[in-house]
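Okay, here's what each chain looks like letter by letter:
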Amino acid sequence: MKLRLYRSEDCSALARLFYDTVHTVNTRDYTPEQLDAWADGQVDLAAWDASFLAHHTLVAEEAGKILGFADMDAAGYLDRLYVHRDHQGQGVATALCDALEAACPVKVFTTHASLTARSFFEGRGYRVLRRQTVVRRGVALDNYVMEKRN
């Protein structure tokens, strides 16, 4: 597996990976209605591209296939972290987070972790600050505001 910087031509593939991951990996913690609200397959690619370019964004790939991606802003907020359903538990998310955290010189990292991702982040030393409910397309979804002191 190789980590590399995001390129604009990755955007549509990352949007597909995002949709597929949400609709397979997160099914044990969210209802079909919540999954559709979270990822409806209609990503604004221009907005995502601009966000990826504004953040430090890494793509994990192997033999030309994208395994996952993650992005962090300059303040240490981990915005997105998604790993292809066929590559869960293989160290992809760990490698992405390790590289992003190493590249960001802050004292505190933060993220809004899904119910599904909570244990992954706790294993990395993040702690739950609070559980929160966010509304997407009129549907309530719970997640966790988490932080890790560097």
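Residues numbered from 1 in each chain as written. Predicted model: local features only at pLDDT ≥ 70, side-chain atom pairs only at ≥ 80, totals over all residues. Heavy atoms only, no water.

Participant: Explanation requested: the overall build of the protein in the structure shown.
Facilitator: What the protein contains, in helices and strands, is 5 helices and 7 strands. In the protein, the succession of helices and strands from N to C terminus is β-α-α-α-β-β-β-α-β-α-β-β. In summary, the protein has a C-alpha radius of gyration of 15 Å against a globular reference of 15 Å for 150 residues, a match within 12%. Over its C-alpha atoms, taken along the principal directions, the protein stretches across nearly 35 × 35 × 30 Å. A distance of 5 Å separates the average location of the 18 positive side-chain charges in the protein from that of its 20 negative side-chain charges. (Helix = DSSP H or I, 4+ residues; strand = E, 2+ residues; numbered from the N terminus. Rg over C-alpha atoms; globule rule 2.2 N^0.38 Å. Lys, Arg positive; Asp, Glu negative; His and termini not counted. Charge placed at Lys NZ, Arg CZ, Asp CG, Glu CD.)

Participant: Explain the layout of surface pockets here, please?
Facilitator: Unfilled space is identified by rolling a water-sized probe across the atoms. When its volume is computed, the largest pocket comes out at roughly 1,000 Å³. As for the largest pocket, its lining consists of 45 residues, of which W38, L81, Y82, H112 and S114 are closest to the centre. Sorting the residues of the lining of the largest pocket by element identifies α1 (11-25), α2 (32-38), β4 (77-83), α4 (92-103), β5 (108-114), α5 (118-123), β6 (127-136) and β7 (139-149) as the ones contributing at least two each. With 7 residues, β4 is the single largest residue contributor to the lining of the largest pocket. Considered class by class, the residues forming the lining of the largest pocket number 21 nonpolar, 16 polar and 8 charged. (1 Å grid on protein atoms, 1.4 Å probe; cavity = no way out; pocket = protein on both sides within 12 Å on 5 of 7 lines; lining within 4 Å. Points joined across faces, edges and corners; volume = space filled by probe spheres on them. Nonpolar A, V, L, I, M, F, W, Y, C, P; charged D, E, K, R; others polar.)

Participant: Would you take a moment to explain helix α3 (residues 45-54) for this structure?
Facilitator: Every α-helical turn comprises 3.6 residues, leaving residues that sit three or four positions apart pointing alike. Every buried residue of α3 is accounted for by W48, D49, S51 and F52. The arc that holds the buried residues of α3, viewed along the axis, is 165°, so those residues lie on one side. Counted as exposed and oriented over 90 degrees from the buried face of α3: A46, L53 and A54. Each element contacted by the buried residues of α3 is listed here: α1, β2 (56-62), β3 (65-72) and β4. Capping the start of α3, D44 holds a side-chain oxygen 3.2 Å from the backbone nitrogen of A46, two or three residues further along. (Buried < 20%, exposed > 50% of the residue type's maximum accessible area, 1.4 Å probe, protein only. Arc of directions from axis to C-beta. Contact = heavy atoms within 4.5 Å. Polar contact = N/O pair within 3.5 Å; in protein donor to acceptor, adjacent residues only side chain to side chain.)

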